[in-house]
Amino acid sequence: QVQLVESGGGLVQPGGSLRLSCAASGSSFSMYDMAWYREVLGKQRELVARVNSGGGTDYADSVKGRFTISRDYAKNTVYLQMDSLKPEDTAVYYCNANWAWRNSWGQGTQVTVSS
């Protein structure tokens, strides 16, 4: 299974932007569907965006038009570009890799949107 390390979180003002990165180590990165989830304390972890092994993407309705997921096969990395951030985007963001029975999570990175 791949190991995942997220980076890029932080504090940003409403309307600002952040780019999260998720670096995958291990083999067969191209076979994995990759996704970003987020979790707020006391709430269920929710899917934010997903890019499948072929490059197809889908997004939660709450982030459509503001967030963009992409993957770099050469760098074994997945990105989440977050624009027009809102306070309700504040959460811990987790990277996920899934392929058949293989499922891995990163350690999470905090994103705080506040003035």
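Residues numbered from 1 in each chain as written. Predicted model: local features only at pLDDT ≥ 70, side-chain atom pairs only at ≥ 80, totals over all residues. Heavy atoms only, no water.

S.K.: Tell me about the pairing of strand β5 (residues 46–51), and please be specific about residues and values.
M.R.: Residues in a regular strand point their side chains to alternate faces of the sheet. Summarising the sheet, strand β4 (residues 33–39) and β5 pair through five bridges and their orientation is antiparallel. Of the residues in β5, the one forming a bridge with M34 is V51. In sequence, β4 turns back onto β5 through a hairpin of six residues, with G42 there showing a positive phi of about 90°. As defined by bridge partners, β5 adjoins strand β6 (residues 57–59) across three bridges and the pair is classed as antiparallel. From the neighbouring strand, A49 faces β6, where its bridge partner is Y59. (Pairing = 2+ DSSP bridges. Helix = DSSP H or I, 4+ residues; strand = E, 2+ residues; numbered from the N terminus.)

S.K.: Lay out the pairing of strand β1 (residues 3–7) with the relevant residues and their values.
M.R.: Here β1 shows a buried face lined by L4 and E6 and an unburied face lined by Q3, V5 and S7. Note: β1 against strand β3 (residues 18–25), five bridges, orientation antiparallel. Bridge pairing in β3 places Q3 opposite S25. (Buried < 20%, exposed > 50% of the residue type's maximum accessible area, 1.4 Å probe, protein only.)

S.K.: Go over the side chain of N96 with me, naming the residues and quoting the values.
M.R.: Mapped onto the secondary structure, N96 falls in strand β9 (residues 91–99). With relative accessibility at 5%, the residue N96 sits in the buried group. Once residues within four sequence positions are removed from consideration, N96 is found in contact with L4, D33, M34, A35, Y37, N103, S104 and W105. (Contact = heavy atoms within 4.5 Å.)

S.K.: Pulling in residues and values, what's your account of the environment of Y37?
M.R.: When you line up the elements, Y37 lands in strand β4. With 55 residues separating them along the chain, Y37 and V92 place their C-alpha atoms 8.4 Å apart.

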